[in-house]
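Close look at the chain arrangement
These are the residues of each chain, in order.
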Amino acid sequence: MSKTSVISTDIIDQYQKDGYVTIPNVIDPNLVEEAGQHIDWLQKKHPDLRSENFHHRLVAEDPFWVRLISDDRLLDIAEAFIGPNIALFASHYISKPPVDGRPVLWHQDGSYWPLQPMEVVTLWLAVDDSTTENGCMRVIPQTQSTQLHEMKARPETPSVLGSGMSEELVDTKSAVDVTVKAGGVSVHHPNLIHGSNPNTSSKRRAGLTIRYIPTSTKIISENTWPCAFLLRGNEVPGINTYLPNPKYIKGSHMPFSGCENWI
Ligand SMILES: O=C(O)CCC(=O)C(=O)O
């Protein structure tokens, strides 16, 4: 694991000990506000989708989304965990609406992912203040060394992923609420057991998951993965094929600060 000057050794040490860590005040309020507007814009564009499910396939054609996940403040954090050659593997807004926002059942991310090796870090960017009341992420600390378990379909429980792990594998008494203020980030390991409760509060709870891989991690997929972008450093020849950044087109995309000059 490499380290950069922007991330203290305390943060790295806490991640290594607990499998997750939070970092406040990463993104400035203007960009966070744009991310909130982006969710509203996506909902208008895709009225058939629930706002907990804006994800991977939508990224490739969305300049603001790629601009956001390419932000140097996020990449500097990712670099401290996975080194200087960074690609995007996946990204997903989980925007739980007030009152009937869906839960995320207990799971381990790595069980879902076609990655080899499973070297990947998630940055979870808080677009709104994420609190116990509105269904913040919950983790079971120190489960990052647990083997990856099978995730089972759970159609009887409406949830964001539609599946999760057997409840008897989860020591829910040890669960910790990961509260993060808008603009802050939590970071978690692919084996960490985590989930979140429904949002029954009167406030939206939106977060953006961003899965960064070192370019030495292969995405095992027959075609180009729908949102694989090279974001920093060098690719490793023969490992992955990356998409070109989408260009901003007025009228087709959400306008954002600097969009005219963004490639
Ligand atoms: O946003 C949430 O409630 C859960 C996030 C999650 O499961 C993840 O980032 O893997």
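In what follows, the structure referred to is the one given above.
As a starting point, this report considers the structure included with it. Just so we're clear, the structure is a prediction, and the values are computed from it rather than from any experiment.

What about the site of the ligand?
Every residue near the ligand is listed here: Ile94, Val104, Asp109, Thr122, Trp124, Met137, His194, Ser196, Gly207 and Thr209. Residue assignment for the shell around the ligand shows that the elements contributing at least two residues are β6 (121-126), β12 (194-196) and β13 (205-214). Of the residues assigned to the shell around the ligand, the class counts are four nonpolar, five polar and one charged.

Quick notes on the environment of Arg205
In this structure, Arg205 sits in strand β13. Take Arg205: there are 27 C-beta atoms within 10 Å of it, and that puts it in the buried class. Distance in space between the C-alpha atoms of Arg205 and Ser130 is 5.9 Å, their sequence separation being 75 residues. Residues in contact with Arg205, not counting those within four places in the same chain, are Lys96, Gly101, Asp128, Ser130, Asn134, Gly135, Cys136 and Asn199.

Remarks on the nonpolar core
Counting 67 residues, the largest nonpolar core has Ala78, Leu123 and Tyr212 as the members making the most contacts within it. When residues no more than four places from it in sequence are discounted, the contact partners of Ala78 are Ile86, Val121, Leu123 and Tyr212.

Topic: the pairing of β6
Counting buried positions along β6 yields six of six residues, so the element is predominantly enclosed. Of the two faces of β6, the one holding Val121, Leu123 and Leu125 and the one holding Thr122, Trp124 and Ala126 are both buried throughout. One ladder, built from six bridges, connects β6 with β13; its direction is antiparallel. Paired with Thr122 across the two strands is Arg211, which belongs to β13. For β6 and strand β11 (residues 185-188), the ladder comprises four bridges, and the chain directions are antiparallel. Counted as the bridge partner of Trp124 is Ser186 from β11.

Re the sheet that holds strand β10 (residues 176-178)
Spatially, four strands are ordered β4-β12-β7-β10 in an open sheet, and the strand pairing comes out antiparallel. Among the strands making up the open sheet, the edge pair consists of β4 (104-107) and β10. Across the sheet, the mean angle from the axis of one strand to that of its neighbour is 30 degrees, orientation sign disregarded. Pairing of strand β7 (residues 137-139) with β12, which is carried by three bridges, proceeds in the antiparallel orientation. Paired with Val139 across the bridge in β12 is His194.

Criteria and cut-off values
- Residues numbered from 1 in each chain as written.
- Predicted model: local features only at pLDDT ≥ 70, side-chain atom pairs only at ≥ 80, totals over all residues.
- Near = placed C-beta within 6 Å.
- Helix = DSSP H or I, 4+ residues; strand = E, 2+ residues; numbered from the N terminus.
- Nonpolar A, V, L, I, M, F, W, Y, C, P; charged D, E, K, R; others polar.
- Buried ≥ 20, exposed ≤ 12 C-beta atoms within 10 Å, placed from the backbone.
- Contact = placed C-beta atoms within 7 Å.
- Core = buried A, V, L, I, M, F, W, Y, C linked by C-beta atoms within 7 Å.
- Pairing = 2+ DSSP bridges.
- Axes fitted to C-alpha atoms, helices over the stretch in contact; angles between N-to-C directions.

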